[in-house]
Every structure is written in structure tokens, then in C-alpha cells.
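Take a look at the letters that make up each chain.
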Amino acid sequence: MAARKATKKPNVSSEDLTQYYRDMLLIRRFEEKAGQLYGMGLIGGFCHLYIGQEAVVVGLEAAAEEGDKRVTSYRDHGHMLACGMDPNGVMAELTGREGGYSKGKGGSMHMFSKEKHFYGGHGIVGAQVPIGAGLAFADKYRENGRVTFTYFGDGAANQGQVYETFNMAALWSLPVIFVIENNQYAMGTAQKRSTSTPDLYIRGEAFGIPGEVVDGMDVLAVRDAGLKAVKHCRDGKGPYILEIKTYRYRGHSMSDPAKYRTREEVQKMREERDPIEHVREMLLQGKHASEEDIKAIDKEIKQVVNASADFARESPEPDLSELWTDIYAEA
Amino acid sequence: MARMSMIEALRSAMDEKLSDDASVLVFGEDVGFFGGVFRCTAGLQEKFGEERVFDTPINESAIVGLAVGMAAQGMRPCVEVQFADYVYPAYDQITQEAARLRHRSNEQFTCPIVVRMPTGGGIFGGQTHSQSPEALFTHVAGLKVVIPSTPYDAKGLLIASIEDPDPVIFLEPKRIYNGPFYGDHSGKSVPWSQHESSEVPEGHYTVPLGKAVVRQPGNDITILAYGTMVYVAEAAAKQAGVDAEIIDLRTLLPLDLETIRHSVEKTGRCVVVHEATRTSGFGAELIAEVQEACFWHLKAPIRRVAGWDAPYPHAQEWDYFPGPERIAAALKLAMEE
């Protein structure tokens, strides 16, 4: 894939690199567990796994500060874990239980956290993009120096409201980073089948929005691009586009027959470009961590994920009365 | 007390809220510098600045989407969609984002937005400047749907809508922006200044959402109407010579069934009128509710008079519009049955 090479000697502390490893591994193991629970019938409906794309959110969260906002599409579990939301609450929302972030009212695609400034989880392709601009507008109005990460995919990049929003964001210099997670498939349609020009980072040019393409399998490259974009926004220069080239290993949702790409393509990506393996190697080669340290992290993550699955299974189903709550404010 | 047109009353409501709440923003197409195509926001940008009252590109979807994001952060945007006919691109944002944010976030985020839009016909707007899409919104749990018929109500309901914690679709019957309309399109129109309901207090007051009002008391038959049709119904009752009780619904969602029930239990007869097309119009919902609530009091089938099931016409606007003759005929029929 055409993307920036990581620098040979990464500028990163042992502590940070270890944290990125931990955060990415949490997403990977969490999603694997969600896939298992789905297979067992404990999660119903739709479930869009983030496996393969972990470096995108973990890299960008490393560039975020307290108070910054994030909003994304339906492939949202990774974003929630990366911004510090509780795995128990996320998993219990997947199983539709009372302990879920939305008390089972939202499900996999619709979760929120006021505490972590996570504005959802949106099930309609591209609908979160103008909302992200609205979040940024409010921050600009309040002059609080915050930025909003507005995530969407390469499929959503062809939605009309994205361009309505680009225009507005540029017109009003909104502090919003448009993160295009280009995993190369719009549901089951390869980018070349759906998109007239392959480069999405230049899609802001007509509006005067700078953009760059980033290797989304390299967490440090993503973090560095994120820092640059965040600075651009905080300096009052308006929106910024990051097209992050990534890859999802699993299907679009759970019932994806994966006929639109070869097994070899997926296998090659896993073997040669896996973002977690990449950091693991850096940790070991740079002597930031020993095999023992990494094993300890793996074990700890496994425990956290297992605990979330237990919680999600044991949390009670919401009371029937919840069907009627939170539709309007209490009178 | 000042006399105001509905336009002035709406402007006064926004002025009031812009003054007393820094989280209120007013924006839309032509809304800022130009003051709105119907002049509802004239002078507000000058008074409150471009940060609070501003023009947007012509993008209904992103206008409402932007408002949803602002509202999730605790702002109170009051946006204008220039004609109700332009709202369709924003329908996704209104129904799937604004209306449902509270529920699906388990009340972590809410969406206190107002989407104002001029609705209805009577101005030779043809297919794309005359529609009455209220039923598309009354069908959506999580929304409130409001439609005033007087300057006094317009101001009080708009202030209440901006202050409401939930998203409100605020329909403005544009045929009566400048004066009441009794259905006689050939006659000279009367300005609001000659009508008593144009007396509008200065300053803050609200008209509560979810409360209908009896516009004309009567004993023989209940007419359920809203917006422009309140006046057309008044003319029709006079023409038919019936002692009709006219209820102005003011809020369609939530519906004030109590006021309706009270009236129909008294009169035993009911006619529903609206401009929107008949099939699956809001009248269908009203009739269902009335028959469930008042079946044993009814002396005759409930009738409805509505726009025909045709695209809104240009040349034949007055054949389409449910004018006083058609309503009077329905009133007589209901009285005879």
C-alpha cells in the first residue's frame, strides 16, 4: 500500500510505546472476544469489528488532550476503548444489557460517553460528519482551544454531507480534524469500484483544507500526523484532513462472506503489516521491553477482556420500562 | 401592547432568546446579512453579531447536522429551513440523529434544537414551495411538532420551543405571516394589525407546548384545525351556518387529546381539516384518536377535508386548497348524518 514509511529510529519513549502496544492489544483482544460472543449468540444484530485498524485511533488519541472531542461511525468499539471508556460498559452494550453505556438502548453502533467526550457511535454512513463540525463550532464559540476528531471511512467519503461540511468547516475555520479511515472497502465494494480518484486526502483542496496521507499500520506515523493536525487546528487555522490508510481483517459486519477480496490479500496484510506486531517488534528490538514484560501485558489484557465478557453476560437485561425512558425530557 | 405581524412576533421571540441566553444561535440560508427571505430574522445579525446570527451555505442536511453537534455540547441552535419543502435533505439528521440522541445515549447527550420552516400553500409556490410535511415529523418519537396560527402564539410558542429540552419542528404557516387568511383568495387580505390576536407583549412569555386552544366556542360540531386552516374553518362554519367549536391544535406532537375529547364529547360530531394531502395525513391520526376516545359520544362519522392526493398544483392551487366551500360541505354532511 502507498503510504509513508516510519522513521528508522522512532522518537518515542519506552513508556509511550508500551502504552500504545497495550491500547492496541486491548482493542484487538476485545474485538476477538466480541466476535466470539457474537458467535455464541450473546450479541445480536450488527457488529463491526475494528481488528487491523487499531493503530489509527491509538495513534490519534496519543495526539489528543483532555477536553478534545471525538465522534465516529458504527465501527466504533476501538474508538471507545482508545479514549478510555470502560471495556465492561462497552461489552455490556454489545450484549444489550443494563450495564452498557446506553443501558442497552444503543447497541454496537450507538454508544456515548459524556465523561470521555465521545459523541457516538453513528449508524448512518456519513451522518456524524456535520455533527463533528457542530461540536467544533461550539468549542470555537466558547474559545476553549479544543479540537474535534471526526472519523469516517472511505465509503462515507462519497457522501454529500461530507462536502457540505468541508465547505462550512473551512468557511468558519472550525477546529475539526476529518479523519478518513481508508480501509479500502466501502462495505463490500473495493475503493476502485466506488471512487473516481483514489486519493482521498486531496478531497479538501477545493475548499482550501490541507490534507495528508498517513500509514495507518504504523502507530507512530499516525500519532505524528495527528500532532501536526491538532496543532493546525489549535492555532486557529481551521480544519485538517488525515487520510489514514488502514485495513480491516474481518468482514464489514458479522455476516460478511468476504467474496470481494482474496484470502491471500488479507493474509499478506496480517503477516507483513500488522500494526500490533510492528510495535511489539519495536519494543523488543529497541529493548524497551522484554519478552516477559510483553507476556505480562498480554496476560493483563486478557484478564480485562475476559472480565468485560463476564460483566456483559451477567449484567441484567434492561427493564421493559426502559423502552419509554429518555425519549423526551422528564416533564 | 404592540401589534405585530407573525413575522415580527417570531423575530421578537428570537430577539428575546438571543438576549437572555448566550447559548442560543440563529442561522440558516439568507438568515444573517439578508435577514431571511421572509424577513423573520431582519436586524438580528446587526444587533447580536455574526457569531450569533449567521448565514449558512445552502445545505439543509449539514445545517441541521451542525445544530445537532452544537446541541450535544449544550448550545441551543434555532435554525431556519427556508421552506418546509427544502427539509427533505435534512430528514435523516432530524429523524435519526436529533430525535434519537437522548434515547440512544441513555440521556448523556440531548438535542435541544429548533428547526423553523415556513409551511403550507396559498402563495402560488407550486410543487416545491407549498407543501405541508407535518405528518413526516409527527411520525417520529423524540420530536415535538408545533404550528402557530396567531402572532401572539407564534412568539410564545417559539420562545417555549427554544427553551424546550428536546428537538422541535416549528412550522410557520406562511400564508398567514402577514395577516389571517379566510380562504377567499380573490379578496383583499387583512393585515395582522387589524386583528386582535396581533397584540403581542414585549419581553418574555411562553405559550406551553402540547396545549390546544378553543378558538371559537360552539355546541354542534367540533372542527380540528391548525395553522392557516383555523381561519378557513372559521369562514366555513359561518358559511354553513353551524354552531361550530373550532380547536386550534397549536402543537401536533404531543397532541392535546384532552381538549379535543372534552369538545367532541359535548358536540358529538367532528370534522378535521388540513392542507396536507389526505392519505396518511395528520388527519388520519386525529380521526383514529378521536374515535378511540369518543366513540360512544359520536353521532356521525368523523369527516376530513384535506389537500387532494396530488402533487401541489400551480395553476389549480385553489382547486387543491381545502377552502371554505369544501369544509362547509363536510360540516353540513356531518350535521345531517
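It should be emphasised that the depicted structure is a prediction, and the values quoted were computed from it without experimental measurement.

**Some remarks on the overall build of chain B**
Looking only at helices and strands, one finds twelve helices and 14 strands in chain B. Against the 2.2 N^0.38 benchmark of 20 Å for 337 residues, chain B shows a C-alpha radius of gyration of 19 Å, consistent with a compact globule. Over its C-alpha atoms, taken along the principal directions, chain B stretches across nearly 60 × 45 × 40 Å. In chain B, which comprises 337 residues, the share counted as buried stands at 64%.

**With respect to the nonpolar core**
Grouped burial of nonpolar side chains is what soluble globular proteins tend to show. If you look at the biggest cluster of nonpolar residues, it comprises 78 residues, and the most contacted ones within it are F152, L174 and F178 of chain A together with F27, L66, M117 and I169 of chain B. A total of nine residues in this core trace back to one element, the largest contributor, which is helix α3 (residues 60-72) of chain B. Counting residues domain by domain, this core receives three or more from each of domain 1 (2-200) and domain 2 (213-336) of chain B. The contact partners of F178 of chain A, leaving out residues within four places of it in the chain, are V129, T150, F152, T165, F166, A169, I209, P239, Y240, I241 and L242 of chain A. A55, L81, V214 and V279 of chain A belong to the second-largest nonpolar core, a separate cluster that totals 62 residues.

**Quick word on the interface of chain A and chain B**
In this assembly, 40 residues from chain A lie in contact with 43 residues from chain B. Interface of chain A and chain B: buried area, both sides summed, is about 3500 Å²; carbon and sulfur atoms make up 60% of it. Taken as a group, Y141, D326 and Y328 of chain A account for 20% of the area that chain A buries against chain B, more than any other trio of residues on that side. Applying the counting rule to chain A against chain B returns 20 residue pairs in polar contact (both at pLDDT 80 or more). Looking at the side of chain A that touches chain B, the elements with two or more residues in it are α5 (128-142) and α6 (160-171) of chain A. The dominant element in the side of chain A that touches chain B, judged by the number of residues it contributes, is α5 of chain A, at ten residues. Partitioning the side of chain A that touches chain B into residue classes produces 21 nonpolar, ten polar and nine charged.

**Let's talk about the domain arrangement of chain B**
Residues and elements named next belong to chain B. When its domains are assigned, chain B resolves into domain 1 (2-200) and domain 2 (213-336). Using only C-alpha atoms to locate each centre, domain 1 and domain 2 end up separated by 25 Å. Domain 1 puts 36 residues into the contact, and the matching count from domain 2 is 30 residues. When the two sides are added together, the surface that domain 1 and domain 2 hide from each other amounts to roughly 2600 Å², 62% of it contributed by carbon and sulfur. Its largest share of buried area at the contact with domain 2, domain 1 owes to F124, I147 and Y182, together 23% of the area lost on that side. The shortest N-O distance in the salt bridge between R250 and D153 comes to 3.2 Å. Scanning the region where domain 1 abuts domain 2 turns up 13 residue pairs in polar contact (both at pLDDT 80 or more). Of all elements in the fold, only α6 (134-138), β6 (144-146) and α7 (151-163) reach the threshold of two or more residues within the side of domain 1 that touches domain 2. It is α6 that provides the largest number of residues to the side of domain 1 that touches domain 2, a total of four residues. A class-by-class count of the residues in the side of domain 1 that touches domain 2 yields 17 nonpolar, 15 polar and four charged.

**Quick notes on the sheet that holds strand β7 (residues 240-245) of chain A**
Residue and element names in this part refer to chain A. Ordered in space as β1-β2-β3-β7-β6, the five strands form an open sheet in which the pairing is parallel. Taken across any chain shown, the strands that pair with only one partner, and hence form the sheet edges, are β1 (69-71) and β6 (211-215). The sheet shows a mean angle of 20 degrees between the axes of neighbouring strands, direction not considered. Where strand β3 (residues 176-182) lies against β7, six bridges are found, and the strand directions are parallel. Note that in β7 the partner of V179 across the bridge is L242. In the packing of helix α2 (residues 54-61) onto the sheet, contacts are made with β1, β2 (148-153), β3 and β7, and the angle to β2 comes to roughly 170 degrees.

**Here's the deal with the environment of Q161 of chain A**
By the secondary structure assignment, Q161 of chain A is in helix α6. Separated by 52 residues in sequence, Q161 of chain A and M109 of chain A place their C-alpha atoms 20 Å apart. Apart from the residues within four sequence positions on either side, Q161 of chain A is in contact with G126, A127 and P130 of chain A together with S61, D92 and Q93 of chain B. Within the local environment of Q161 of chain A, its side chain forms a polar contact with the side chain of Q93 of chain B, the two groups lying 3.0 Å apart.

**As for the sheet that holds strand β12 (residues 251-253) of chain B**
Residues and elements named next belong to chain B. Strand order across the open sheet formed by seven strands is β3-β2-β4-β5-β7-β6-β12, with mixed pairing between neighbours. Each edge of the open sheet is held by one strand with a lone partner, namely β3 (53-55) and β12. Adjacent strand axes in the sheet meet at a mean angle of 20 degrees when their direction is disregarded. Relative to β3, strand β2 (residues 24-28) runs parallel, the two being bridged by three bridges. In the sheet register, F27 faces β3, and the bridge partner there is F54. On top of the sheet, helix α1 (residues 6-20) reaches β2, β3, β4 (76-80), β5 (114-119) and β7 (168-173); it is set at about 135 degrees to β2, its chief contact.

**Focus: α5 of chain A**
Residues and elements named next belong to chain A. For α5, which comprises 15 residues, the first-to-last C-alpha distance of 21 Å matches the rise-based estimate of 21 Å (1.5 Å per residue) to within 8%. Across the 15 residues of α5, twelve count as buried, placing the element largely inside the fold. Just downstream of α5, E143 is the residue with a positive phi angle, here 50 degrees.

Scoring rules and cut-offs
Residues numbered from 1 in each chain as written. Chains lettered and ligands numbered in written order. Predicted model: local features only at pLDDT ≥ 70, side-chain atom pairs only at ≥ 80, totals over all residues. Heavy atoms only, no water. Helix = DSSP H or I, 4+ residues; strand = E, 2+ residues; numbered from the N terminus. Rg over C-alpha atoms; globule rule 2.2 N^0.38 Å. Buried < 20%, exposed > 50% of the residue type's maximum accessible area, 1.4 Å probe, protein only. Core = buried A, V, L, I, M, F, W, Y, C linked by side-chain atoms within 4.5 Å. Domains from an automatic or database assignment. Contact = heavy atoms within 4.5 Å. Buried area = accessible area lost by both parts, 1.4 Å probe. Polar contact = N/O pair within 3.5 Å; in protein donor to acceptor, adjacent residues only side chain to side chain. Nonpolar A, V, L, I, M, F, W, Y, C, P; charged D, E, K, R; others polar. Salt bridge = Lys/Arg side-chain N within 4 Å of Asp/Glu carboxyl O. Pairing = 2+ DSSP bridges. Axes fitted to C-alpha atoms, helices over the stretch in contact; angles between N-to-C directions. Expected span 1.5 Å × (residues − 1).

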